[in-house]
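Close look at the chain arrangement
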Amino acid sequence: MNSEDIMNYERLKFISDEHGYNILPVKTGMQVELHERVGEGSTERIWKFKGLIIKVRKPGSADGTFTIRGLAAGQTIEKVYPLSFPKFEKVLLLDEYKIRKAKLYYIREKVGKAARMKSKITADRRESNLLQK
């Protein structure tokens, strides 16, 4: 790392500490339900989105992101969120699957029984909120 990268990292760390962003502890293969605040002022509401996390970039870092794939209004969509996104109300862990790859891009082509994965979650972790430590 050169001095510019170190300076940018320190600046990013300072900003995340100052605003109190907490980094979401998500992993590839988790089935989650996101409760996101959308809108502004008096028109703010909670938008729920269920999906499978297919990619996590820079886990544990303030500038990391994750990609979630799920259904919304009958269409399959993929959304990319930062790990330190302040507009999440809740992030519920629905299921966690046994996976052998870091990126689950192959799941895009799978349909029906071919898309099944083996669950490895315990009963005490199911429906837990990932935002609370």
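Computed from a predicted model, the values in this text were never measured in an experiment.

1. Some details on the overall build of the protein chain
A count of helices and strands for the protein chain gives 1 helix and 6 strands. For the protein chain, the spread of C-alpha atoms along the three principal axes comes to 50 × 45 × 30 Å. Relative to its full complement of 133 residues, the protein chain shows a buried share of 32%. Within the protein chain, contacts between residues separated by at least 24 positions form 59% of all contacts whose residues are at least 6 apart in sequence. Put simply, the protein chain shows about 9,000 Å² of open surface, and 51% of that area lies on carbon and sulfur atoms. Placing the 27 positive and 17 negative side-chain charges of the protein chain at their respective mean positions leaves the two points 10 Å apart.

The rules behind each value
Within every chain, residues take consecutive numbers counted from 1 along the sequence as written. Reporting of local features is limited, given that this is a predicted model, to residues whose pLDDT is at least 70; pairs of side-chain atoms are given and counted only at 80 or more, and all residues count toward the totals for whole chains, interfaces and linings. Each side-chain value is derived from all of the structure's non-hydrogen atoms; neither hydrogens nor water enter the calculation. Secondary structure is summarised from DSSP: a helix means a run of H or I of at least four residues, a strand means a run of E of at least two, and numbering begins at the N terminus for each. Residue exposure (1.4 Å probe, protein chains only): buried if accessible area is under 20% of the type maximum, exposed if over 50%, otherwise partly exposed. In what follows, a contact means two residues having at least one pair of non-hydrogen atoms within 4.5 Å. A 1.4 Å probe and the Shrake-Rupley method give the accessible areas. Residues count as covered only by the protein chains that appear here. Only four residue types enter the tally: Lys and Arg on the positive side, Asp and Glu on the negative side, with His and both chain ends excluded. By convention, charge coordinates are those of NZ in Lys, CZ in Arg, CG in Asp, or CD in Glu.

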